[in-house]
Amino acid sequence: MDAMGLIIDNPYVKNGKWYKGAFHNHSEVFSVEVCINSMIDAGHDFITMSEHDKNKAECMDFADRAIIIPGFEQGKGENPHVVVINNWHRESRCLVTKTNFQDFINEQVNEGAIVILAHPHWQRENYWPNEYLEELHGYTGIEILNSSIIFSKARYDGEYDYMDIAVDLWDRLLSTGKIVWGFGNDDFHNMKEFNKSFNIVKAEKFTREHIVDAVKKGSFVVSTGGYVEDVTLEGNKIGIWVASSEREKKIYHAIGKKGKLLKESFTRDNYFYYEVDGTESYVRLHVLFESGKALFTQPFFIRKY
Ligand SMILES: [Zn+2]
Ligand SMILES: [Zn+2]
């Protein structure tokens, strides 16, 4: 709150460290051991094996090497999939209506789960039907990046290449006032889909509870390889520090309601900020590194009083 009458909701915890991890992974092709070891070798600090409609209890055997968070993917085939983190209580019925999706979300959230609507543009533009999205509420977020569909061109004969970038849908949902966090997941089924997009969480302590709690608050960024030093709010300035050589140029974007570009900067600086004027509704920052990597912050919601 400040003298201008603005409240800026900062989703990032103040004091903490950044931890890399992935929430949506399958061991259909490789064993759990190969999947988890590959992720640990690639620097993942926390991992969920979210198998379709089953719990992979053996992943907990690796809990001494990384934070293993229970989870699963609800639904297989045509019905929209939901990735559930921090719970192993599955729904045995097939979810097909708005009502049973909402009941499922409510139940999972009440039990402490993180609930992510998976790959929103998979196979078709409205994989998650609009009439569902308008009404569903209370879930944690959506996958703004799902690498299995971005990168597995051969698997789908090119037809769905690049279809599952859902940043457009994210802005649409945020513009209706919904608090929806953006997630980046590999949906790891094979090595082509590995370590392409991930989440970097700022948590006060390196425990499962702190990671889960930070994700629920929106204290994380989505990355395709770029690394973050910090995301800050100082007065009305929403800022990001990136980990990058000063040799590398970065294109920074501040993005507001309906995906509007509020500010752009092309610079070698590792810091960028946007100064809120109160008209934005929400502001999120996006960084595109000259070498091709990207980072997405979560939205800061702006309110007037
Ligand atoms: Zn799926
Ligand atoms: Zn999946």
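Residues numbered from 1 in each chain as written. Chains lettered and ligands numbered in written order. Predicted model: local features only at pLDDT ≥ 70, side-chain atom pairs only at ≥ 80, totals over all residues.

Quick notes on the overall build of the protein chain
For step 1, the next point in the chain: Helix and strand counts for the protein chain come out as six helices and 19 strands.
For step 2, the next point in the chain: Relative to its length of 305 residues, the protein chain is compact, with a C-alpha radius of gyration of 19 Å against a globular reference of 19 Å.
For step 3, the next point in the chain: Dimensions of the protein chain, computed from the C-alpha atoms along their principal axes, are close to 50 × 45 × 40 Å.
For step 4, the next point in the chain: Relative to its 305 residues, the protein chain shows a buried fraction of 44%.
For step 5, the next point in the chain: Sequence separation of 24 or more characterises 61% of the internal contacts of the protein chain that already satisfy a separation of 6 or more. (Helix = DSSP H or I, 4+ residues; strand = E, 2+ residues; numbered from the N terminus. Rg over C-alpha atoms; globule rule 2.2 N^0.38 Å. Buried ≥ 20, exposed ≤ 12 C-beta atoms within 10 Å, placed from the backbone. Contact = placed C-beta atoms within 7 Å.)

Quick look at the sheet that holds strand β13 (residues 237-243)
For step 1, the next point in the chain: Strand order in this open sheet of three strands is β12-β13-β16, and the pairing throughout is antiparallel. Of all the strands in the sheet, just β12 (227-234) and β16 (271-275) have a single pairing partner and so form its edges. Averaged over neighbouring strand pairs, the angle between their axes works out to 15 degrees when direction is ignored.
For step 2, the next point in the chain: Inspection of the sheet shows β12 paired to β13 by seven bridges, in the antiparallel sense. Bridging from a neighbouring strand, T232 pairs with G239 of β13. (Pairing = 2+ DSSP bridges. Axes fitted to C-alpha atoms, helices over the stretch in contact; angles between N-to-C directions.)

As for the environment of E290
For step 1, the next point in the chain: Within the secondary structure layout, E290 lies in the loop between β17 (282-289) and β18 (294-296).
For step 2, the next point in the chain: E290 sits in the partly exposed class, given 14 other C-beta atoms within 10 Å.
For step 3, the next point in the chain: Distance from E290 to K98, taken between C-alpha atoms, is 42 Å for residues 192 residues apart in sequence.
For step 4, the next point in the chain: Not counting residues within four places of it along the chain, the set of residues in contact with E290 comprises E248, K249 and K250.

A closer look at the pairing of strand β7 (residues 114-117)
For step 1, the next point in the chain: Burial of β7 is two-sided: the residues I114 and I116 facing one way and the residues V115 and L117 facing the other way are all buried.
For step 2, the next point in the chain: Two elements, strand β6 (residues 82-85) and β7, share four bridges in a ladder whose sense is antiparallel. The residue of β7 that forms the bridge with V83 is I116.
For step 3, the next point in the chain: Following the chain from β7 across helix α3 (residues 130-135) to the adjacent parallel strand β8 (residues 141-146), one finds a crossover that is right-handed. (Right-handed = clockwise from strand over helix to strand, strands pointing away.)

What to know about the sheet that holds β7
For step 1, the next point in the chain: The mixed open sheet is built from five strands, whose spatial order is β5-β6-β7-β8-β9. On the outer flanks of this sheet lie β5 (71-74) and β9 (181-185), each paired with one strand and no other. Sheet twist, expressed as the mean angle between neighbouring strand axes with direction ignored, is 30 degrees.
For step 2, the next point in the chain: Alignment of β7 against β8, held across two bridges, turns out to be parallel. Within the sheet, the bridge partner assigned to I116 lies in β8 and is G141.

Points about the environment of L145
For step 1, the next point in the chain: Counting through the fold element by element, L145 comes out in strand β8.
For step 2, the next point in the chain: L145 sits in the buried class, given 26 other C-beta atoms within 10 Å.
For step 3, the next point in the chain: It is 20 Å that separates the C-alpha atoms of L145 and A214, two residues lying 69 residues apart in sequence.

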